[in-house]
Amino acid sequence: MDKVYSPASIEQRLYQQWEGAGYFAPRESQDGTDAGYCIVIPPPNVTGTLHMGHAFQDTIMDALTRYHRMRTEPTLWQPGTDHAGIATQMVVERQLEARGESRAGLGREAFIDRVWEWKAQSGGTIANQMRRLGASVDWSRDRFTMDEGLSQAVVEVFVRLYEEGLIYRGQRLVNWDPVLQTAVSDLEVASSEEDGSLWHLRYPLADGSGHVVVATTRPETLLGDSAVAVNPADERYRALIGRELRLPIADRLIPIIADNYVDPEFGSGCVKITPAHDFNDYEVGQRHHLPLINVFTPDAHLNDTAPANYRGLERFAARKKIIAELEALGLLERIDPHKLMVPRGDRSGAVIEPYLTDQWYVKVEPLAEPAIRAVEDGRIRFVPENWSKTYFEWMRNIKDWCISRQLWWGHRIPAWYDEKGTVYVGRTEAEARTRHGLSDSIVLRQDEDVLDTWFSSALWPFSTLGWPEKTPELARFYPTSVLVTGFDIIFFWVARMIMMGLKFMDDVPFREVYVHGLIRDAEGQKMSKSKGNVLDPLDIVDGITLEDLLRKRTTGLMQPQLAPKIDKATRKSFPEGIDAYGTDALRFTFASLATQSADLRFDLSRVGGYRNFCNKLWNAARYVLMTVEDEHGQLLDPHLLEGPSEPGVADRWIRSRLAETLREVDTAFAEYRFDYAATALYNFTWYEFCDWYLELTKPILQSDASSESAKRAARRGLLDTLETLLRALHPLMPFITEEIWQRIQVHRASSNVPSIMLAAWPRAEDLSSDQAAEADVDWIKSIVLGVRQIRGEMDISPSRGLNALLEGASATDLERAARYDTYLGRLAGLESLRALAATETPPPAAAAVIGDLRILVPMQGLIDPKAEAERLQKRLQKIESEIQRATQKLANENFVRNAPAEVVEQEQQRLREFSASEKSLREQLERVLSLIDAA
């Protein structure tokens, strides 16, 4: 093996081997059953590139897939991408604009052809990035939501739902993007706090007897007002309920109505009601049967319902004109600065307009009821369970689903209209004509709209398996086993998949829903380009220079003015760029982060720590192989491994500890606690296998006094433990485990499996627990650590042999001291260890306490007491100075009140550490002074 672990030299080579050999495809069942384990990937946008959330989620899904594959279950991780209607259309339109072309100029069919051309050239980016992170999806089954088969499923679902009266066309308010000129889902709207104004306007009473004051953040919608509402309990306005106001500028009469929606404490307590331009106002309007007056065109200009001198004005220009006119009429009371949440389209950046338009809807309530029952009765389990409450809250207050979008790229709605506007739905135009008895002479035009991307995504668990055909994959893998998803799309995707799965498959789409948190930066902030804290997972894997990182972060910003801020933040955080950490270190970091918290803080220093973990494992493997191989990787002598063996206490101990670790890992995977799995494997690898077992084998392997059977047992123990550990680590760290496993397999008799990913998952029951061995090795470790503690405290060189005494030793302690003197001599540097006689006076000594047992190391002759006392006193003076400085800082109220909380906590922690050091140094000084007194 190479001396240094180099992930760049192995990762892509190994992945190409796996994919080329077809290892990712489901294998036949080992127990004769047809049941399989299946995960469908949340399909990333075809326009997308891999971000930290994808990388985290893919790590979890790949770990589950590899784990169940190794448990010999037929395992399918179904890949695919989403056609991403708005995002993809925008990408291609920008390309056209750069060439001086336009979508309208091309026409619909030619534009769609251009999109398919773009998809063929650039649509595979995220798939290749997934490969880089080791995702073992079955690429032979890769699907795309616009594939022929999936498109057939979409049309089939639409037609069936329409025939049952569960899809209809109606006029309602939607989120409208005036730049893209399409309805958008809530998930495609980004709301953020912005500085604005609250305008207080006077609306005159119709009889001229006075006025009321309304407060609004959107005066441009005044022309669409249908009423002014007050709270029925508000004494100030009770007498005005039922009277009329004259709407300024529009010169219409509107009523004063009473509704509990109004907050008497906000503004004047009078609220203008504009049912066609506000979602809450729409509900008020429905309750009071108010007219819906739409004053905007699709591109957010005032339409012909406005007074003549306002028609055609852009909405914010109209706002200024309305305010100016109200002020001239004496109807502007005042303007207050006001912070408000402004909704913007996440693609266009345009302010979203609640807009009244004809759209297609799914009548959701009949579909929601069985979906609620499926979670209530346990057919679907949310992990963590508390997310089921979120699910129920949304499902029990669900609204009909707007499924139409005013785009060209997507699944075109299978509905046709005649000249009278009568709608005919069918799988094809020919079917629509046949079913409705329409002759070829009747001209039909297909609906221009396409379906919401979430509509096709809702069918993903069964459409990807071949539905509406009855395929073997559908029978084998539906319902799927688990859905891995972030909590932010429980409503938009998870709930809809459950509804559609129950409707069309008569069964749930998955048995469990593992809901993970969202990746944040080290300070808990959301990662965003505007903050300059976005990390590309492949930059962490492969490394990136500062110059390239700056270029990536500041190119193509929607707000170019942020570039200097991002440049400064980047230089501060990554003055040298980002090191190459390798895929396995990043994956293990993600696993360790997979707690049940909603926010997962990502700190690059943790990746560095797990890169060190990879190096530790690599070096351990090199040591193990060095015990059996020559410099050419050939077995030194077959007899080193073959023949009778006599496992020692360390060999039995490591097998017992490995069994317990495997039990912990199995439990962690069953409970989706990948952080527990990572911790168990890390602790065993670092602290038990590397720190102790490797060291415990050295006295056996390097001593002429050891028998050949004991040495053989140690070598076998090293190889077998490492091989088993590699299999247990493989789901989280696939590359380094495969590379090492291939090397050690040549020395193991049962080596007929071509890849670790096809090897059997290690079972705890195949390894015997040995409590006696664990107790003995724990005793050895405690003696070694006790002596090392004394060496550290008294500054005694590790190479200096020590004579030690045991005070309060039991018969078991004495028996162990005699039996394991080889270990103690090698690991603790003890030349002798004997019991202190009951009548013997303990000499001046440094001591370590282990339960009822005390280890004494006589100091006479080991140190120069006076020189040691001087050294300790200098260290004490320095520590006392630090304690005084920290204490004064924390006593300063201005510091505690004004400094960031983490800075104050850091100072408090420093004080605790200094205080502990002071206590330890004083104890050491007392022991040294006792030596001086004794002399």
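Relevant structure appears above.
Residues numbered from 1 in each chain as written. Predicted model: local features only at pLDDT ≥ 70, side-chain atom pairs only at ≥ 80, totals over all residues. Heavy atoms only, no water.

(A) Seen up close, the pairing of strand S29 (residues 853-858). As defined by bridge partners, strand S26 (residues 802-807) adjoins S29 across three bridges and the pair is classed as antiparallel. Looking across to S29, one finds that Leu805 is bridged to Leu856. Bridge count for strand S28 (residues 845-850) against S29 is six bridges, and the pairing is antiparallel. Directly across from Val849, in S29, lies its bridge partner Arg854. Linkage of S28 to S29, two consecutive antiparallel strands, is achieved through a turn of two residues, within which Gly851 is found at a positive phi near 65 degrees. (Pairing = 2+ DSSP bridges. Helix = DSSP H or I, 4+ residues; strand = E, 2+ residues; numbered from the N terminus.)

(B) Main features of empty space enclosed by the protein. Under the counting rule described, the total for this entry stands at four cavities of 30 Å³ or more. In this structure, the largest cavity is lined by Gly85, Ile86, Glu188, Arg405, Leu407, Trp409, Val450, Leu451, Asp452 and Thr453. Taken together, the elements giving at least two residues each to the lining of the largest cavity come down to helix H3 (85-98) and strand S21 (450-451). In terms of residue class, the lining of the largest cavity is made up of five nonpolar, two polar and three charged. Here the second largest cavity is characterised by a volume of approximately 40 Å³. Forming the walls of the second largest cavity are Ile41, Pro42, Pro44, Leu50, His54, Gln57, Asp58, Ile126 and Met130. (1 Å grid on protein atoms, 1.4 Å probe; cavity = no way out; pocket = protein on both sides within 12 Å on 5 of 7 lines; lining within 4 Å. Points joined across faces, edges and corners; volume = space filled by probe spheres on them. Nonpolar A, V, L, I, M, F, W, Y, C, P; charged D, E, K, R; others polar.)

(C) Here's a closer look at the sheet that holds strand S7 (residues 189-204). The strand order S8-S7-S13 describes an open sheet built from three strands, whose pairing is antiparallel. Here the strands that pair on one side only, and so sit at the sheet edges, are strand S8 (211-216) and strand S13 (332-345). Put simply, the sheet's adjacent strands are angled 20 degrees from each other on average, direction ignored. Where S7 lies against S8, six bridges are found, and the strand directions are antiparallel. Paired with Arg202 across the bridge in S8 is Val213. In the packing of helix H9 (residues 315-328) onto the sheet, the strands contacted are S7 and S13, and the crossing angle to S7 comes to about 25 degrees. (Axes fitted to C-alpha atoms, helices over the stretch in contact; angles between N-to-C directions. Contact = heavy atoms within 4.5 Å.)

(D) View of the sheet that holds strand S22 (residues 480-486). Sheet architecture is open: three strands sit in the order S15-S23-S22, paired in parallel fashion. The open sheet has two free edges, formed respectively by strand S15 (381-383) and S22, since each of these has just one partner strand. Neighbouring strand axes in the sheet, compared pairwise and without regard to direction, differ in orientation by 20 degrees on average. Inspection of the sheet shows S15 paired to strand S23 (residues 510-516) by three bridges, in the parallel sense. Looking at the pairing, Arg381 lines up with Glu512 of S23.

Read these as geometric descriptors, not functional statements.
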